[in-house]
Structure formats: C-alpha cells, structure tokens
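Coordinates in review
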Amino acid sequence: MSRGSRRRATFAQALAAEWLKFFTVRSAFWGLLATVVVTVGLSALLALAFVVSLDQLPASRRAAFDPGAYGLAGLNFGVITLGVLGVLTMSGEYSTGSIKSTLAAVPRRGRLLAAKLVVLAVVSLITGLLVSFASFFASQAVFATRGLAATLGQPGLLRAVLGGGLYLALVALFSLGLATIVRHTAGAITAVLGLLFVLPIFGAFLPGEWGATTQKFLPSTAGAAIMNAAETSGSLAPWTGFGVFAGYTAIILAIALWAFRRRDA
Amino acid sequence: MIQAQGLTKVYGAKTAVDHIDFEVRPGVVTGFLGPNGAGKSTTMRMILGLDHPTAGRVTVNGRRYRDLPAPLREVGALLEAKSVHGGRTAYNHLRCLAKANGISPRRVAETLDLVGLTEVAGKRAGGFSLGMAQRLGIAAALLGDPGVLLFDEPVNGLDPEGIRWIRQLMRSLAAEGRTVFVSSHLMAEMALTAERLLVIGKGRILADTTMSAFIAANASSHVRVRSPDLLALASLLTARGCRTAPAERGCLLVYGVSPAQIGDLAYAARLRLHELSVVQPSLEDAFMRLTADSVEFHAHARDAA
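Residues numbered from 1 in each chain as written. Chains lettered and ligands numbered in written order. Predicted model: local features only at pLDDT ≥ 70, side-chain atom pairs only at ≥ 80, totals over all residues. Heavy atoms only, no water.

Further remarks concern the sheet that holds strand 12 (residues 251-255) of chain B. Residues and elements named next belong to chain B. Overall, antiparallel pairing links the four strands, which are arranged 11-12-10-13 in an open sheet. The open sheet terminates on both sides in strands that have one partner only, identified here as strand 11 (243-246) and strand 13 (275-279). Going across the sheet, the axis of each strand differs from the next one's by a mean of 25°, ignoring polarity. In this sheet, strand 13 lies alongside strand 10 (residues 222-226) in antiparallel orientation, the contact comprising five bridges. Note on strand 13: the bridge partner recorded for His 222 is Val 279. Packing of helix 10 (residues 259-268) onto the sheet brings it into contact with strand 10, strand 12 and strand 13, and relative to strand 13 it is tilted by some 160°. (Pairing = 2+ DSSP bridges. Helix = DSSP H or I, 4+ residues; strand = E, 2+ residues; numbered from the N terminus. Axes fitted to C-alpha atoms, helices over the stretch in contact; angles between N-to-C directions. Contact = heavy atoms within 4.5 Å.)

Structural data, given as structure tokens:
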C-alpha cells in the first residue's frame, strides 16, 4: 500500500536538497571564507613582493612579467581550498555515514552525482570569479605603484581573469570526481594535491623536449595556462590548456559515475 | 509489501545472502531474526538499493527501490542510527531529505514532534546521544508517511521509556495497515513486538511463520528440578532414558517427561525434591535450537558458560 501522493521526485528536488545540504554544514562557510580571504590576500602579498624586489630582478624575469599570471598567483591557494571543498562534498557523506540517508532519498546515483556537481559548479564558479577579479584588482593596485598595472581592456587580460574563476570551478569538480572514486577524505585530498601540485614538481625534473611537453600537459599546468595574458613557451595556449584540463576532469567524472553506479554504498 | 526472489549477495568468496525468497506482508509486524553475520543487514541494504544483489531481486510494492517514484513516500528506513552528517542540525537533516522527495517543511516539524526531538531540533546531530540519534533516524523513516517501514535494530541505545515507545509505535504502524519489517538480535524484544517471524541463518531463510507457531515447532517445554540429591536423581532419570541438562547450581533440566512422572520416581527412590516446575519454551530456546549449526562465530561451550 502507499500513503501520501505518488508524485514523482524530480531532478529539481534533488538539486534543491543538495543545495540546502551544501550550506547547512559549517565547512562550506569556512571553506568559502578562507578561499576569499587568503586567495585575495596572497595575490596582493605576492604582487607586493614582486614590486619590492623589482630592481634586483634580472632583466629576463622583468621581461617575463605577465600582469595576468603574476596578479593571479594567489589563486593557487584557492585551488587547495576549493579542491578540499569539492572533496568534502562527497567524502563527507561517506565519513559521516549520511550517504545511506542520501541514497535512500535519491536512489538514482547518476541523478545524485549530477545534483552535487551542479551545486558545486555554481558555488565554486561564483566564488572563483569573485576571488579572481578581487585578486586582479588588488594586485594591479600594487603594481600601479611601479607603473606596471594593467587594465582588463588590455589583450588577453579579461580572458585571464575570467579564466581564473573557470579554472577554480573546474578544480572543484575534478576534486569531487576523485573523492567519488576514492571515498575517503584524506585519500582524496592526497590525490588532488598529488595530481595538481606534486606532479608539476616531478615534471620540472624531466629532461629534454619531451619533458617540457609532458610538463605542459600535466593537469594543473594545462589548466592554469588560461590565466596567462599572453602565450608563453612554458605552457599551452590558454584555451588549449583549459580544454586539456577540462578533458581530464571529464574523464575523472566519467570514472566516478561508473564507480558510483556500480559499487555498494 | 516487500518481496524477494532468489535474492543473493556474494562478497568475494563469502555468500552473505544465499538465494532467499520471502514476502513481508502489510498489517503485521514481521520480525527478522538471525545471529550476527546471518545476512540481516545485507538483506535490508539490498531492499533499499544500497547494495546491489549478485543475483535475484527484491521489490517494494512491486518495484525495485530505485524505480520508486518518490522513495521516501513509500519506504521509511532506520538503518544504523549514524546515517547523519554530524555537522548538520536535526531539523536541517530532515529538511534536506524532505526536499529531495517534495515533502513539506510542516511534515518535518511534525515528525520531530512525534519522536520528541523538537527541543533539540536546532542542535547539530553530531552531539546527539545514541538514543537521540536513534530517534532522529526514526523521524527520517516516518518523514514521508510511508506504507512500508524497515527498522534495523531499533531499540539499540534507547532507554526503557524509549523502548516502550518504539514498541507501541511499531504495533500502531502495523495496525494502520502498514508493512513493518524489524530486525533485532534481542529475542525478548522480538517476542513482544513481532507477530510474524522470518529467521535467517548463514544467508538462508530457516523459518517463515508466525511467532507462536515458530516457538511451538522449535522448542519443547521441559521440567526444572531442584534437589539436594541431584546426582542420584540424575542417574535415575538417565537410566530411565530421559534427556537431562545441567542448569544452575543444584538444578537439573529434564526433557520429555512430565513433572508428575519425575515426582513419582523421586518418591519411589526416597529422594528429596525442593522444586519441580514446568518451564515454558521461549523464542530464545526455539531460536537457539534452530540456528545451533548456523551460527557464524561459535564460542566454546566452556567459555560461554
């Protein structure tokens, strides 16, 4: 027998539930606050460090100055905080056991994963754009003291700043995918940091032409290329790099969906 | 109505649930009884679609759980009490579940009131005692006013007042025509609440019957004898072919004879009797007899005594 109405639960309802779930735990608030404060603060500090030591820098480093990449350097911290937030969105369900209630309410696994992805994408894109623009304006204010400031109207800069937000959003989705596969908070965070931060360190040691090419195609080097105002020899073209990182993210998410559907909760 | 056909779950080399068929019908409380590791939780998890069956299928109201249009409106389940994100308040936990199935916020407040958690609704679930967490789990199960309810070990962590409350709740839910399926390892509890019984051991269904029929079929009454001349009495009874079993100090359990026969025998042999009483069989006796060889982890008799 069935009580109540037989109204079919919809994707919109799953989305509303995931939205509410995201904002009803404190890690969301602290994670987002840390992202904004530390990312913007670091961007300004790094700009300050550059400006202060400008006169001691060799000419080659001065020539390599890119107001986009240099002004958005603090976003690397946002990679960590939004990455962790992306991980917790899924691993928190497993560490607390709430995955059982969640799946009882939304047993269609693909629908649940999609709802989590949409919520995380919206939140991290808004946060990413916010910190990217704030970092840009803060660092340009510092660069202005030495007449190095750039404006969004200059070639490639608006794309670089928008790209910073897009990159951070994609990092969050990449992390959610890894967490769905790994299902443990510590393991997933290790995987995220390993792939995004440790791989490029190894990459830098690879010799020769192929080493340099490999380095360009690593997830974070490829993804961060979109924050360069101008194309550089050390990285892929901005949109190409972003496309490569988007490809990695799509692969991770496809594996995550396959595993999530197939495995016992 | 819950129906399983050939339901099987294999984990690696271990068959947790082995081709079981059963039906849990509405209107009565059906107890799900079995030793630890018998496959109770695995079966419950497969009903909810949390674990995928290796073979066979299990349906609720004729559909697999994942195919139910709005699952919480048809099935409510209390699995482990800690199925909650400890950082979320009780109210928000229920509101999130409600949203996913289009259940009104008013119903959230109603269920919180029903389980007696209204006062702590704004507190984070992580700080809840086991009893409070259990009540929150029950609130989540009742949220969608479902016709089918699953309770896995519901009295765990509840105080005596809470145990009485959930006993009453389960009976009234069944009386309203709902399907109530409850697992427990506490047999006294089961004997009090369940009308029907599904007994599982080593992944197989050992019995599917009513409580009274189960006890009658699987346990016989016996006689407890207390005597200062116990040794002589025991050898006398054994010589007559009666099965005896030692009980507490100075006592003996005798099977297959009436108290009158034992009394006459003792009188004839001039042996003193201090107690002679018929022991009615319990669910526990019946259960122990039926599952004696399907218990997963045997304690040695000496250690257990």
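Residue and element names in this part refer to chain A. The contact between helix 5 (residues 75-96) and helix 8 (residues 157-182) brings their axes to 7 Å, and the two run at 35°. Viewed along their axes, helix 5 and helix 8 form a crossing whose handedness is right-handed. Across the interface between the two elements, Leu 75, Gly 78, Val 79, Leu 82, Gly 83, Gly 86, Val 87, Thr 89, Met 90 and Ser 91 from helix 5 touch Gly 164, Tyr 167, Leu 168, Val 171, Ala 172, Ser 175, Leu 176, Ala 179 and Thr 180 from helix 8. Its residues assigned to classes, the contact of helix 5 with helix 8 comprises 11 nonpolar, eight polar and no charged. (Left-handed = near helix turned anticlockwise from the far one by under 90°. Nonpolar A, V, L, I, M, F, W, Y, C, P; charged D, E, K, R; others polar.)

With that settled, the discussion passes to the domain arrangement of chain B. Entries for chain B in the domain assignment read domain 1 (2-217) and domain 2 (220-280). Each of domain 1 of chain B and domain 2 of chain B was reduced to a C-alpha centroid, and the two centroids are 44 Å apart. (Domains from an automatic or database assignment.)

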